[in-house]
Amino acid sequence: MKKIKKRGAIYGVIALLLCVAVYLNWSYIDAPEDLLVAEQTDPEDAAASAQGAADGTDYFAASRLTREQARDEAVSTLKELSESEEADQTAKDEAAAQISALAEDSVAEANIESLIRAKGYEDAVVMIGDDSVNAVVAPPEGGLQAEDVTVIKDIIISETGMSAGQIKIVEAA
């Protein structure tokens, strides 16, 4: 019984850490211009970065960066757990499976983003969750139309196997 409680606590910690990583990812995505400007050392570069963020071009790079940072933190935590001598084999196996799933999501996100750009859209950033996919797309002139949404959803469905109801497509402002 003690072993079951310990295992449940470990799973709870894993779930909590992943939730924190997802929260951090989403909270930093809302203000990418602040992140980019803070990382600049040359005032001219900072001004150029702020201008790029204002016109939306750096939004996608900043979003990818924060997504990867959050994912790296989650993988690091899971890796520590999988290498811990105190964790039982089931917890280690679960951590390894979650690391593998995060890696698969990362590859799928990059593939989807590339395919969206290949269809003629300027840029996109995709975030795959457990039961949903969110895509932020740089709109063509005139904004995203129903045909655009259909093309993007078809790409996401073919790469993830999720249903259309699990996909949210947002036009970048």
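The preceding data block contains the structure.
Residues numbered from 1 in each chain as written. Predicted model: local features only at pLDDT ≥ 70, side-chain atom pairs only at ≥ 80, totals over all residues. Heavy atoms only, no water.

A. Examining helix α6 (residues 146-160) more closely. Taking 1.5 Å per residue as the helical rise, α6 with its 15 residues ought to reach 21 Å, and the 21 Å between its terminal C-alpha atoms agrees with that figure. Taken residue by residue, α6 has Asp148, Ile152, Ile155 and Ile156 as its buried positions. Each buried residue of α6 lies within a common arc of 95° when the element is viewed along its axis, so the set occupies one face. Counted as exposed and oriented over 90 degrees from the buried face of α6: Ala146, Glu147 and Ser158. Tucked inside the fold, the buried residues of α6 contact α5 (89-118), β2 (133-137) and β3 (167-171). The first or second residue beyond α6 is Gly161, which carries a positive phi of 80°. (Helix = DSSP H or I, 4+ residues; strand = E, 2+ residues; numbered from the N terminus. Expected span 1.5 Å × (residues − 1). Buried < 20%, exposed > 50% of the residue type's maximum accessible area, 1.4 Å probe, protein only. Arc of directions from axis to C-beta. Contact = heavy atoms within 4.5 Å.)

B. Structural detail: the sheet that holds strand β1 (residues 124-128). Read from one edge to the other, the open sheet built from three strands follows the order β1-β2-β3, with strand pairing classed as mixed. Each having just a single partner strand, β1 and β3 make up the two edges of the open sheet. The average undirected angle you get between the axes of adjacent strands in this sheet is 15°. As judged from the five bridges shared by β2 and β3, these two strands associate in the parallel manner. From the neighbouring strand, Asn134 faces β3, where its bridge partner is Lys168. Its contacts with the sheet place α5 against β1 and β2, and it is angled at close to 150° to β1. Along the sheet face, α6 touches β1, β2 and β3 and points at about 140° away from the line of β3. (Pairing = 2+ DSSP bridges. Axes fitted to C-alpha atoms, helices over the stretch in contact; angles between N-to-C directions.)

C. Structural detail: the packing of α5 against α6. Across the interface, α5 lies against α6 with an axial gap of 10 Å and an inter-helix angle of 150°. As far as their axial angle goes, α6 and α5 are roughly antiparallel. As α5 runs across α6, the sense of the crossing is right-handed. Residues Asn111, Ile112, Leu115 and Ile116 of α5 pack against Ile152, Ile155, Ile156, Glu159 and Thr160 of α6. Here the contact of α5 with α6 is composed, by residue class, of six nonpolar, two polar and one charged. (Parallel < 35°, antiparallel > 145°, perpendicular 65-115°, else oblique. Left-handed = near helix turned anticlockwise from the far one by under 90°. Nonpolar A, V, L, I, M, F, W, Y, C, P; charged D, E, K, R; others polar.)

D. Just the environment of Met162, in detail. Along the polypeptide, Met162 turns up in the loop between α6 and β3. Considering only alpha carbons, one finds Met162 and Val133, 29 residues apart in sequence, at a separation of 8.1 Å. Apart from the residues within four sequence positions on either side, Met162 is in contact with Ile128, Gly129, Asp130, Asp131, Ser132, Val133 and Ile157.

E. Spatial organisation of the environment of Arg67. Here Arg67 shows up in helix α4 (residues 57-83). Along the backbone, Arg67 and Met127 are 60 residues apart, and their C-alpha atoms lie at a distance of 7.8 Å.

On their own, these measurements won't tell you what the molecule is for.
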